[in-house]
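Each chain is listed here by its residues.
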Amino acid sequence: MPAPALPTSAMAVQVPLWHHYLQAIRSREAPRAQDFQRAENVLLTVLERVHALDPRFIVDYSRGLEAFQFALRSSEDPMDMEVPLWVDAEALLIEEPEATQPEDGLELCHLGVPREGAGLERWTTEDTFTASSEGDAKCRGHIVPSKVLCVLKDLLVAAIVHCKHHSLIAPGSLNAASLREEQLHLSLLVSSGWRTISFHVVPVVRRKLGAPALEGVQQMPGFPEGSLRRILSQGVDLVPASAQLWRTSTDYLLTRLLGELGSLQGHRLDSLSILDRVNHESWRDSGRTDGLTFGHLKMVLLWASVLFPAPEDWAELQGAVYRLLVVLLCCLATRKLPHFLHPQRNLLQGSGPDLGAIYQRVEGFASQPEAALRIHATHLGRSPPPRIGSGLKALLQLPASDPTYWATAYFDVLLDKFQVFNIQDKDRISAMQSVFQKTRTLGGEES
């Protein structure tokens, strides 16, 4: 007689905790994308009315990458909704301000309207324009960000009233109370089922020309051949930086680069999703405390993809996560996270969250990840012993008090202890040290 068949449960393959956690995150991606698209449709309906009231403001329907990025996240940080201005950006005068703040690493400018040239009359009206002195032979005046934002706010209020009155949007689907805030964007809360999504509505000037700071960017390892140059050739946008000044924005380019990583085999985006979930639930106490943002973690992944470019670097899930952790711990210890496209900018500079406290939380996760890899009540049992021994835990704690420990030799010790890296990774870590050291002083020494 044949042996009796084993029960299905006995035949099931035991799914490792890392993959179980990832599967739980992935199960939420499709509903999150659908929630985003429903909320986006509400906002696009309002913006269509804005365009009907004032054709200078265009509706941007190319939002597929934003839904993709929202689905990757667990955090609920606001999403940008860019409103392009109907203007020939190449005909405008890009003027650098007399007093700049080079420590910001931002490219700031005035948007001037030339005295010669046609097609810009709609932007020389008093509501968005400030005239120059008669002595300026080239520039008629400037398009002022604060005035543009004021016009857009009034249009949004009128459009929302119209859409509600004509039942174009559902009652209670949009909260405009935060429009009263004086910021460089306009905040709206949009309901999508049980989820409320925060949007920052931002006027943007689309440019076909790239920023001078990006002209020297070469092909980087870890990305599909030619993808970096192709994406950067699309140019950069200009968004409000202050009441009078605009700044370059590379947010769209960074999201495109993230999409390129998603086209590759391996666990690059999976590792980002896992750390974002852990960051939201554990390091930021379900979003109740300040800390790292999805933008910070996205930048860490972009750097890690360059430092670990081989496909086998990302073939194993746990190893992929620890590659991000090594880069993140280095950045927290040195208090320097260079912008991927503007390395002179330090994204950890300025008054913000306590980086030392965040370091301890990240180090704690690296030492005992099982404590944070919980999605539902079935994970709430006794914590298993630490995955990493006390010797390595002591090593991980050293840089919190002395960033000089984060030298190449220190990385070698970590790589040997983690045992999830390839032998070539030591050279890549050296490269990361070189990248960070070659950038200009970022934020100075912390006291």
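Shown above is the structure to which this text applies.
This is a predicted model, so every value here is computed, not measured. In every chain, residue numbers begin from 1 and rise along the written sequence. Given that the model is predicted, a residue must reach a pLDDT of at least 70 before its local features are reported, and side-chain atom pairs must reach 80 or more before they are shown or counted; all residues, however, enter totals for whole chains, interfaces and linings. The side-chain figures draw on all heavy atoms in the structure; neither hydrogens nor water molecules are used.

Draft legend 1. Seen up close, the environment of Val83. Position of Val83 relative to the elements: it lies in strand 1 (residues 79-84). Along the sequence, Val83 and Arg56 sit 27 residues apart, while their C-alpha atoms lie 9.9 Å from each other. Here, two residues are considered to be in contact whenever any of their heavy atoms come within 4.5 Å of each other. Discounting chain neighbours no more than four positions away, the residues touching Val83 are Leu47, Phe57, Ile58, Val201, Val202, Pro203 and Val204. Secondary structure is summarised from DSSP: a helix means a run of H or I of at least four residues, a strand means a run of E of at least two, and numbering begins at the N terminus for each.

Draft legend 2. Looking closely at the packing of helix 3 (residues 29-53) against helix 5 (residues 145-165). In this description, a line fitted to the C-alpha atoms serves as the axis of each element, helices being fitted only across the stretch in contact, and the angle between N-to-C directions of two axes falls anywhere from 0 to 180 degrees. In contact at an axis separation of 8 Å, helix 3 and helix 5 are set at 115 degrees when each is read in the N-to-C sense. Handedness of the crossing formed by helix 3 with helix 5: right-handed. Every residue of helix 5 that contacts helix 3 at Thr45, Val46, Leu47, Arg49, Val50 and Leu53 is listed here: Leu152, Leu155, Leu156, Ala158, Ala159, Ile160, His162 and Cys163. For the contact of helix 3 with helix 5, the residue count by class is eleven nonpolar, two polar and one charged. Handedness of a crossing is defined here by the sense of rotation of the near helix relative to the far one, left-handed for an anticlockwise turn of less than a right angle and right-handed for a clockwise turn. We call Asp, Glu, Lys and Arg charged. Ala, Val, Leu, Ile, Met, Phe, Trp, Tyr, Cys and Pro are nonpolar, and the rest, Gly among them, are polar.

Draft legend 3. Spotlight on the sheet that holds strand 1. In this description, strands pair whenever DSSP reports at least two bridges between them. Reading across from one edge, 1-8-7-6 is the order of the four strands in this open sheet, with mixed pairing throughout. With one partner strand each, in any of the chains shown, strand 1 and strand 6 (174-175) form the two edges of the open sheet. Sheet topology note: the strand 6/strand 7 (residues 186-192) ladder contains two bridges and is antiparallel. Bridge pairing in strand 7 places Asn175 opposite Leu189. Running at roughly 50 degrees to strand 8 (residues 195-204), helix 3 makes contact with strand 1, strand 6, strand 7 and strand 8 of the sheet.

Draft legend 4. Up close: empty space enclosed by the protein. The way it works is a 1 Å grid over only the protein atoms, where trapped points that fit a 1.4 Å probe form a cavity and open points with protein on both sides within 12 Å along at least five of seven lines form a pocket, and then any residue with an atom within 4 Å of a point lines it. Grid points are joined across faces, edges and corners, and a volume is the space filled by probe spheres set on the points. Under the definition given, this model contains one cavity of 30 Å³ or more. At the level of secondary structure, the elements contributing two or more residues to the lining of the largest cavity comprise helix 9 (294-307) and helix 10 (317-334). Residues that form the lining of the largest cavity fall into these classes: eight nonpolar, one polar and no charged.

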